Amino acid sequence: MNNIVIDRQAAIDEPLLPTLEQLTHWVGCVFSHHPDDERQELTIRFVDEQESQALNRDYRGKDKPTNVLSFPFENPPGLTLPLLGDLIICHAVVVKEADEQQKPLAHHYAHMVVHGTLHLMGYDHIEDEEAEEMEQLERTLLAELGISDPYHVP
């Protein structure tokens, strides 16, 4: 796991953003379950609602800010780079969701990073079977991080 390289970008001035150490720990947990994946470089960018909404609208056709967007990197033909892709995380949405779900902010951030990293690795939740597989892996990874089931509704 020593090969993980995260380009942490903060497009907002916010003291509650996760540290590079936290991000590396959370992403490392995902990679611990994918030891053969050599794509261990990614960008995690923290943005405001306007940037999140613009990207969500332009790339997903949804004109509203969202918690996390995943942009997997595709190697050009004949070239292999260790890039996994980019995560764009909207701080305001994550804070709002954590509050609504009565979760510690750091726990919700960990979930968003794990969730987004799994998307970068090719996991999806469009079909029910894929959703169950991805959500179960998220539960397992978050439990290893000491975080309770993010999908459990009390």
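As a reminder, the structure under discussion sits directly above these lines.
So, here is what we can say about the structure in this document.

Cut-offs applied
- Every chain begins its residue count from 1, and numbering advances along the sequence as written.
- Selection of residues for local features in this predicted model requires a pLDDT of at least 70, selection of side-chain atom pairs for listing and counting requires 80 or more, and totals for whole chains, interfaces and linings are taken over all residues.
- Remark: hydrogens and water are excluded; side-chain values derive from all non-hydrogen atoms of the structure.
- By convention in these notes, a salt bridge is any Lys or Arg side-chain nitrogen within 4 Å of a carboxyl oxygen on Asp or Glu.
- We call a residue buried when its accessible area falls under 20% of the maximum for its residue type, exposed when it is over 50%, and partly exposed in between, using a 1.4 Å probe and counting protein chains only.
- Each helix is a run of DSSP H or I of at least 4 residues and each strand a run of E of at least 2, with the numbering of both proceeding from the N terminus.
- For two strands to be treated as a pair, DSSP must find no fewer than two bridges joining them.
- Axis geometry follows a simple rule: fit a line to the C-alpha atoms, using only the stretch in contact for helices, then measure angles between N-to-C directions, giving values from 0 to 180 degrees.
- Contacts were defined at the residue level, with two residues in contact if any of their heavy atoms lie within 4.5 Å.
- The crossover handedness rule: strands pointing away from the viewer, path from first strand over the helix to second strand clockwise, crossover right-handed.
- Working definition: roughly parallel below 35 degrees, roughly antiparallel above 145 degrees, roughly perpendicular at 65 to 115 degrees, and oblique for all remaining angles.
- A clockwise turn of the near helix away from the far one marks a right-handed crossing, whereas an anticlockwise turn of less than a right angle marks a left-handed crossing.
- Each residue gets one of three labels, nonpolar for Ala, Val, Leu, Ile, Met, Phe, Trp, Tyr, Cys and Pro, charged for Asp, Glu, Lys and Arg, and polar for the others, Gly among them.

## Remarks on the pattern of salt bridges
Enumeration according to the criterion identifies 8 salt bridges in this entry. A salt bridge links Arg57 to Asp63; the shortest N-O distance between them is 3.7 Å. The class of Arg57 is partly exposed, set by a relative accessible area of 39%. When salt bridges with common partners are traced through the structure, they connect Glu132, Glu135, Arg139 and Asp149 into a single cluster.

## Brief notes about unusual backbone geometry
Even without being a glycine, Gln102 presents a positive backbone phi close to 55°. Turning to its location among the elements, Gln102 is positioned in the loop between helix 3 (91-100) and helix 4 (105-120).

## Let's talk about the sheet that holds strand 4 (residues 83-90)
The strand order across the open sheet formed by 4 strands is 1-2-4-3, and the pairing between neighbours is mixed. Two strands lie at the open edges of the sheet, namely strand 1 (5-10) and strand 3 (68-72), each paired on one side alone. Pairwise comparison of adjacent strand axes, ignoring direction, gives a mean angle of 15° for this sheet. Packed on one face of the sheet, helix 2 (residues 49-60) meets strand 2 (41-47), strand 3 and strand 4 and runs near 50° to strand 3. Set on the sheet, helix 3 makes contact with strand 2 and strand 4; between it and strand 4 the angle comes to about 65°.

## Thoughts on the pairing of strand 2
In terms of residue burial, strand 2 counts as a mostly covered element, since 5 of its 7 residues are buried. One ladder, built from 6 bridges, connects strand 1 with strand 2; its direction is parallel. Along strand 2, the bridge assignment pairs Ala10 with Phe46. In this view, the connection linking strand 1 to its parallel neighbour strand 2 by way of helix 1 (residues 20-32) has left-handed handedness. Alignment of strand 2 against strand 4, held across 7 bridges, turns out to be parallel. Looking at strand 4, one finds that Arg45 is bridged to Ile88.

## A word on the packing of helix 3 against helix 4
Look at helix 3 against helix 4: their axes get within 9 Å of each other, and the N-to-C directions meet at 120°. The pairing of helix 3 with helix 4 is recorded here as oblique in orientation. Considering how the two elements wind past one another, helix 3 and helix 4 form a crossing that is right-handed. Where helix 3 approaches helix 4, its residues His91, Val94, Val95, Glu97 and Ala98 are matched on the opposing element by Leu105, His108, Tyr109 and Met112. Considered class by class, the residues forming the contact of helix 3 with helix 4 number 6 nonpolar, 2 polar and 1 charged.

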